[in-house]
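Residue-level structural notes
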Amino acid sequence: MKKPKSLYLAAIGLLSLMLTVSSAWPQSGKRLHYSTLFNPATVGAVSGEVVRVEQTLAGNGADYCVHALLKTPKGQVTAILGPKSYMTKQGFSVAPKDRVTVTGSLISILGKPYILAMEMTGDRTMKLREASGRPAWATGEDWHVRSTSRK
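Quick summary incoming for the structure in this document. This is a predicted model, so every value here is computed, not measured.

1. Structural notes on the overall build of the protein
A count of helical and extended segments in the protein gives two helices and eight strands. Reading the secondary structure of the protein in the N-to-C direction produces α-β-β-β-β-α-β-β-β-β. Taking all contacts inside the protein whose residues are at least 6 apart in sequence as the whole, residues at least 24 apart take part in 52%.

2. Details of unusual backbone geometry
Located in the positive-phi region is K97, a residue other than glycine, with phi close to 85 degrees. Checked against the element boundaries, K97 lands in the loop between α2 (84-89) and β5 (99-109). The phi dihedral of L110 falls on the positive side, at around 55 degrees, and the residue is not glycine.

3. Let's talk about the pattern of salt bridges
By the definition in use, this model includes one salt bridge. With a shortest N-O distance of 2.7 Å, R52 and E54 are connected by a salt bridge. Residue classification places E54 among the partly exposed residues on the basis of a relative accessible area of 31%.

4. Topic: the side chain of T72
Tracing the chain through its elements places T72 in strand β3 (residues 64-72). By relative accessible area, which is 14% here, T72 ends up buried. Polar side-chain contacts of T72 include one of 2.5 Å to the backbone oxygen of G75. Aside from chain neighbours lying at most four places away, what touches T72 is V46, S47, G48 and V77.

5. Topic: the nonpolar core
Core analysis: the largest hydrophobic core is formed by 19 residues, its most contacted members being L70, L81, M87, V94, V102, M120 and L128. Discounting residues that sit within four places of it in the chain, M87 has contacts with V66, L81, G82, F92, V94 and M126. Counting eight residues, the second-largest nonpolar core is a separate cluster that includes C65, I80, I109 and M118.

Criteria and thresholds
Residues numbered from 1 in each chain as written. Predicted model: local features only at pLDDT ≥ 70, side-chain atom pairs only at ≥ 80, totals over all residues. Heavy atoms only, no water. Helix = DSSP H or I, 4+ residues; strand = E, 2+ residues; numbered from the N terminus. Contact = heavy atoms within 4.5 Å. Salt bridge = Lys/Arg side-chain N within 4 Å of Asp/Glu carboxyl O. Buried < 20%, exposed > 50% of the residue type's maximum accessible area, 1.4 Å probe, protein only. Polar contact = N/O pair within 3.5 Å; in protein donor to acceptor, adjacent residues only side chain to side chain. Core = buried A, V, L, I, M, F, W, Y, C linked by side-chain atoms within 4.5 Å.

Given below as structure tokens:
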């Protein structure tokens, strides 16, 4: 059976991204945090219906990051929200069929549109990041990176 070329291209693209990120922080003992992709110059708002909610392992593997795939008039956009534990503590959840507006930094990862959410409004409003991109759940001054070394 012949494999589609797009599958190979996607695999090569993902591998390239992984190599780029790993070479950007060689031997530093730190991981790239989503918030380093936040760009205040690209802040905008996206409104739509939640199609799917996904949970991906966070960089430290101790929690899940909640993503919501939104169907908008201009196409689909993935909203990167925040840690599941933070959202649970705030009493906030999101589910398919919810109508929401997400304000945040509009970015592209491997050619796909994402928004790093500063705020999500549906039945109520949840603040997720400051205007600088600093996550609401961040502690300490060095919130852009997470140390992987144990001292």
